[in-house]
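A structural walkthrough
Okay, here's what each chain looks like letter by letter:
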Amino acid sequence: MLSTALHTLRTRWVTFVGSFVALSLGVALLAVMGLALASSLDAPDRKPERFAAAPVVVKGADTLRVPTSIGDRTQKLAHPRPVPGEVVARLKELGSVVEDRSFPVRAQGGPGDLVGHPWSTAAFAPYRIEAGREPRTAGEVVVSGDWARPGARLRTDGGTVQVVGTVAGLGFENAVFYTDQRAAELSPHSFQVAMDADEAAVREAVRDSDGAQVLTGDARRFADADPDRDSKALTAMNAMFGTAGGVTGFVSVFVVASTFAFAVAQRRREFGLLRTAGATPGQIRRMIVSEALVVGVLASATGCVLGAYGAPKLAEWVVEGGLAPRWFTIGDDTWPYHMAFWTGLLVALCGVVAASWRAGRTGPTEALREAAVDTRAMTWGRWLFGVALLLAAAVTLGLALVSDPTDLLHRKTYVSRPMLLITGVALLAPVLVRPLARLIAWLPAQLPGATGMLVRENAAAGVRRTAAVAAPVLVTVALAGSLLGATATLNEAKATEVEEQTAAGFVITPAGGAGFDRATLEKLRDVPGAEVSATSSSAVYVLEDGIALLKSEARAAEPALLAATTRLPLAAGKVSDLDDDSIIVNEEWERHAVGERVDVWLGDGTKKTLRIVAVMATGTGNNGVYVTPRNAPGASVDRVDMALADGADATTVAAGLREVVHTSGGEVFTKDQWVRATYPETNRTTRLGFLLVLGIALLYTGISLANTMVMATSDRVRDLAVLRLAGATRWQVLRLVGAEALVVVTVGAVLGLLVAGLNLMGMWGALGLLSVWTSIEIPWATIGGVVGACVVLAVVFSVVPAALSLRRRAVELAGVRE
């Protein structure tokens, strides 16, 4: 059978070229992603940056550690503690101590991420003066980078200052250096200190302090801002590549299985002749498997070679795009090549299993069949697996809605869940395409002429051909609608929550996230006609089930003013009951009965027992907890909601508010402006990941459409010749072929929209159960672009082969025999 398989591959290369290209690209993508994942698993720790030249750094407590029956549970504190004063005093006895202070700075014309430091800490990076001199008075600063030159005057939120020197930027921050005394005025607390002393003596000095850390060597990186940003970036990148790899495997199996199934359906007369000549069903099956084995080996080897060239390009792209750290490169691991090669071969063999079984059941009488109408397109296997997958999708959706609706809002869920529904609908496509094709082509069939009627009947009669072309379109449209629609729907739901919960007429926010100072808050409260509610961002930690230390985002607010400016989605209790001994929680908490007391840790790690006075609905997960300002130590006011007093003029009040925050760099929003300004957006890594997934799906769709259309057109040469002999012109035949392609792609698009709609309905139902009623957002522009691309591919790769074949005389074509 191997020699027969090789001969078949040589003579029917058009049939297998699509599978070869799809497999080789799939293996290449798997190799590329495997190499990227392998390279990120052995990522080196980031070296110290701000304190690279500091011998020893002492850092205040920034981690909450809670003992449990299975070991200590930890969480990063929302408000790290400064180094205790008594510890600093002891350290000064050991040697020189430099107290570090870091605080955001807003400067007109400067970068948006400016951060201020005392000049004495510049030597630890180290920074060196490039131009000018160091600061000597409170009104002088040194800046990093080239955005300001010595002599320039800067208007900042801390007053107007003069640039007296510049240092070269080191790439990890945009810094402004003040004198040590001025930095202490702007940021009174010191969260870490650097010193030159014996490490053992320093550890002894801080031994009795609560949570203070002594950092030396590479551990000094934990004194930098966001020391875990490399690991966070790699985790997000790995999730993106893992998702793309999963979709690659799923779609490649889909394409290969569809191609082989259609090829077997086309070759039934050939198999019938082989059976008449004495071939057994087992020999037919072995021939089909041998064909897949040859294609799989060649395609997998080609894919590994392509992957070796593509992986470094991918590494450059993710680094340039800011998705990976600057040091990220592809390593020399070999296991990704093995994984990609054997996966590709397995995909090829799995994709042909069902087709080989069907080929083995071909009877000798098939050699005599002339009818082009497909019979028994649905086998018992397709019925069984198609119905089973749809039932599985329905059951898992129902269980999620009943037990935990929030699970449907997680990215890993709305990325993986559509696969069941897509596969189930694709398996049952032969049942659906005939009525859909008749429905879609019904109106054209009523028009004068025979073209519309022929389009309808050909699409409905060639069920296997229609299903083979519609399947990849279904996959791409369903993925585009499900993935992008899910994120858009979730973002709209979050925006709906913000709108419903905001009762304030105006919302004021500081520029740069530094928070409002006390003087600005007092001026805002003095604006006539304004009822001001100042709130702060914080966190609360709770131990659930005795082993899980969970963090809940918290907002601190005065209860009376909070009730006037915010409509919390309460399921029980009252906002006005909130005080310094109580808390408002949401239904996600294990214990959330009104009146119950819970042990919590505040944002700075302080343990308290608070009484639950109200419970909020879970919502999209953004409903955290509410406490009073006394239970949010270290939190600065980062939002001010303002309600209009009775009889106050909104325009006058808004003008007064803008005048107050003008000097501090704040911004005043109306309620509608605030909703638009805070409308959530999908993060960049997730967006690029979804675009990568859709790009892969569309690439495979193009391959499948091109291959299937060329195969189908070459198999219909005699049919087209008969139309020519019946009197149709060459252009009429080509229009017929193009119209059929358009109808078939429309069938696939409708099925894909059906799948996407069902998936989004599940998310919409989950949001409703979580008390968030919002609209379903369908990305029509993206879906339109995907369908348009599919239409162009289908029409081109059906019309061009037909046009090439029609260059011969119709009489000659009609006499062609297989």
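Here, the structure is the one placed above.
In this report, the structure presented in the accompanying data block is examined. Residue positions are counted from 1 within each chain, in the order its sequence is given. A pLDDT threshold of at least 70 governs which residues receive local features in this predicted model, and a stricter bar of 80 or more applies before side-chain atom pairs are shown or counted, although totals over entire chains, interfaces and linings include all residues. Based on all heavy atoms of the structure, the side-chain values leave hydrogens and waters out of the count.

Numbering of helices and strands runs from the N terminus; a helix is a DSSP stretch of H or I covering at least four residues, while a strand is a stretch of E covering at least two. Tracing the backbone shows Arg417 in helix α11 (residues 411–427). The spacing of Arg417 and Ala393 is 24 residues in sequence and 7.5 Å in space, taken between C-alpha atoms. What makes two residues a contact is simply this: any of their non-hydrogen atoms within 4.5 Å. Once you skip the residues sitting within four places of it in the chain, Arg417 turns out to touch Thr396, Leu397, Ala400, Asp407, Leu408 and Asn759.

Let us look at empty space enclosed by the protein. A pocket, in this scheme, is an open set of points on a 1 Å grid over the protein atoms alone with protein on both sides within 12 Å along at least 5 of 7 lines, while a cavity is a set where a 1.4 Å probe fits but cannot get out; residues line either one if an atom lies within 4 Å of a point. Grid points are joined across faces, edges and corners, and a volume is the space filled by probe spheres set on the points. Counting across every chain of the model gives four cavities of 30 Å³ or more. Considered as a void within the structure, the second largest cavity measures approximately 70 Å³ in volume. What lines the second largest cavity is simply Ala236, Ala239, Met240, Thr243, Arg411, Val415, Thr685, Thr686, Gly689 and Phe690. For the lining of the second largest cavity, the secondary-structure elements that each account for two or more residues are α6 (229–266), α11 and α20 (684–715).

Read across the open sheet, the four strands follow the order β4-β12-β1-β13; overall the sheet is antiparallel. The two strands at the open ends of the sheet, each matched to only one other strand, are β4 (97–100) and β13 (213–215). With direction set aside, neighbouring strand axes in the sheet form an average angle of 25 degrees. At least two bridges found by DSSP between two strands are what make those strands a pair. As judged from the four bridges shared by β4 and strand β12 (residues 192–195), these two strands associate in the antiparallel manner. Within the sheet, the bridge partner assigned to Val98 lies in β12 and is Ala194. Every axis in this analysis is a line fitted to C-alpha atoms, fitted for helices over the stretch in contact. Angles between the N-to-C directions lie between 0 and 180 degrees. Packed onto the sheet, helix α3 (residues 85–92) meets β1 (56–59), β4 and β12 and runs at close to 150 degrees relative to β4.

This brings us to the nonpolar core. Remark: nonpolar core denotes a set of buried residues (Ala, Val, Leu, Ile, Met, Phe, Trp, Tyr, Cys) joined through side-chain atoms within 4.5 Å. Residue exposure (1.4 Å probe, protein chains only): buried if accessible area is under 20% of the type maximum, exposed if over 50%, otherwise partly exposed. One finds Met237, Phe241, Val318, Phe328, Ile422 and Leu479 to be the most contacted residues of the largest nonpolar core, which totals 75 residues. Considering each element in turn, this core owes the most residues, 16 residues, to helix α15 (residues 463–501). Not counting chain neighbours up to four residues away, the residues in contact with Val318 comprise Met237, Phe241, Leu323, Ala324 and Phe328. Of all hydrophobic cores here, the second largest spans 18 residues; its members include Ala530, Val640, Val660 and Val668.

Criterion for a salt bridge: a side-chain nitrogen of Lys or Arg within 4 Å of a carboxyl oxygen of Asp or Glu. Enumeration over the complete set of coordinates arrives at 19 salt bridges. A salt bridge links Arg611 to Asp579, with the shortest nitrogen-to-oxygen separation between them at 3.8 Å. Here Arg611, found in strand β20 (residues 607–616), pairs with Asp579, found in the loop between β17 (570–573) and β18 (582–586); they are 32 residues apart in sequence, far enough to count as distant. Assessed through its relative accessible area of 28%, Arg611 is described here as partly exposed. Asp579 sits in the partly exposed class, given a relative accessible area of 32%. Across the pair Glu596 and Arg591 runs a salt bridge whose closest N-O atoms are separated by 2.8 Å. Within the structure, one salt-bridge network assembled from shared partners comprises Arg50, Asp100 and Glu173.

A separate point is the packing of helix α16 (residues 518–525) against helix α18 (residues 650–662). Direction vectors running N to C along α16 and α18 enclose 165 degrees, while the axes themselves pass 9 Å from each other. In terms of orientation, α16 and α18 fall into the roughly antiparallel class. Regarding α16 and α18, the two cross each other, and that crossing is right-handed. Listed contacts from α18 to Thr520, Lys523 and Leu524 of α16 are Leu657, Val660 and Val661. A class-by-class count of the residues in the contact of α16 with α18 yields four nonpolar, one polar and one charged. An angle below 35 degrees is treated as roughly parallel, one above 145 as roughly antiparallel, one from 65 to 115 as roughly perpendicular, and anything else as oblique. In a left-handed crossing the near helix is turned counterclockwise from the far helix by less than a right angle, and in a right-handed crossing that turn is clockwise. When residues are grouped by polarity, Ala, Val, Leu, Ile, Met, Phe, Trp, Tyr, Cys and Pro land in nonpolar, Asp, Glu, Lys and Arg in charged, and all others, Gly among them, in polar.

Turning next to α3. For α3, every residue scored as buried is listed here: Val87, Val88 and Leu91. Axial view of α3: buried residues confined to an arc of 100 degrees, hence all on one face. For α3, the elements touching its buried residues are β1, β4, β12 and α5 (199–205). Directions from the helix axis toward the C-beta atoms define the arc.

Before going further, it helps to examine the packing of aromatic side chains. Note on aromatic pairs: the rings of Phe, Tyr and Trp (six-membered ring only in Trp) are paired at centre separations within 6.5 Å, and the planes decide the class, stacked below 30 degrees, edge-to-face beyond 60, tilted for the rest. Tallying each qualifying case throughout the model produces eight aromatic pairs. Relative to Tyr178, the ring of Phe103 lies with its centre 5.8 Å away and its plane at 45 degrees, an arrangement referred to as tilted. With Phe103 in strand β5 (residues 103–104) and Tyr178 in strand β11 (residues 174–178), the pair connects residues that are 75 residues apart, well separated along the chain. An identical accessibility class is assigned to Phe103 and Tyr178; each is buried. Judged by centre distance (5.5 Å) and plane angle (65 degrees), the ring pair of Trp764 and Trp773 falls under edge-to-face. On the basis of relative accessible area, Trp773 is assigned to the exposed category, the value being 54%. Among the aromatic residues, those joined into a ring-pair cluster are Trp119, Tyr127, Phe172 and Phe177. We note Arg221 situated over the ring of Phe222; from NZ or CZ to the ring centre the distance is 4.3 Å. Criterion for a charge above a ring: Arg CZ or Lys NZ at most 6 Å from the ring centre, at most 35 degrees from the ring normal.

The subject of this paragraph is the pairing of β18. The buried fraction of β18 is high, at five of five residues. On β18, burial covers both faces: Ser582, Ile584 and Asn586 on one face and Ile583 and Val585 on the other are all buried. As defined by bridge partners, β18 adjoins β20 across five bridges and the pair is classed as parallel. The residue bridging Ile584 from the neighbouring strand is Ala614, located in β20.

This part covers unusual backbone geometry. Here Ala125 and Pro126 are connected by a cis peptide whose omega angle stands at 0 degrees. Among the structural elements, Pro126 can be located in the loop between β6 (114–118) and β7 (129–132). For Ser771, which is not glycine, the phi torsion reads 70 degrees and is therefore positive. Mapped onto the secondary structure, Ser771 falls in the loop between α22 (730–769) and α23 (780–805).

Their axes nearest at 9 Å, the elements α15 and α23 cross at an angle of 165 degrees. As judged from the angle between their axes, α15 and α23 are roughly antiparallel. Classified by chirality, the crossing of α23 by α15 is right-handed. Taken together, the residues of α23 that come into contact with α15 (itself represented by Val473, Thr476, Val477, Ala480, Gly481 and Leu484) are Thr782, Ile783, Val786, Val787 and Cys790.

Mapped onto the fold, His117 is located in strand β6. Owing to a relative accessible area of 1%, His117 belongs among the buried residues under this scheme. N or O atoms within 3.5 Å of each other form a polar contact, as long as, within protein, one can give a hydrogen and the other can take it, and as long as residues adjacent in sequence are counted only when both atoms are side-chain atoms. One polar contact links His117 to Ser102, side chain to side chain, over a distance of 3.1 Å. If we skip the residues at most four places from it in the chain, His117 touches Arg50, Asp100, Arg101, Ser102, Phe103, Glu173, Ala175, Val176, Phe177, Tyr178 and Ala183.

Below, the discussion takes up α18. Relative to the 18 Å expected for 13 residues at 1.5 Å per residue, α18 spans 18 Å between its end C-alpha atoms, a close match to the ideal helical length. Turning to α18, its buried residues number three or more, namely Val653, Ala654, Gly656, Leu657, Val660 and Val661. Looking straight down α18, one finds its buried side chains confined to an arc of 160 degrees; they lie on one side. Those residues of α18 that are exposed and aimed more than 90 degrees away from the buried face are Thr651, Thr652, Glu659 and His662. If you follow the buried residues of α18, they end up packed against β14 (506–509), α16, β15 (530–544), β22 (637–644) and β23 (667–670). Expected helix span is taken as 1.5 Å per residue step, with the number of steps being one fewer than the number of residues.

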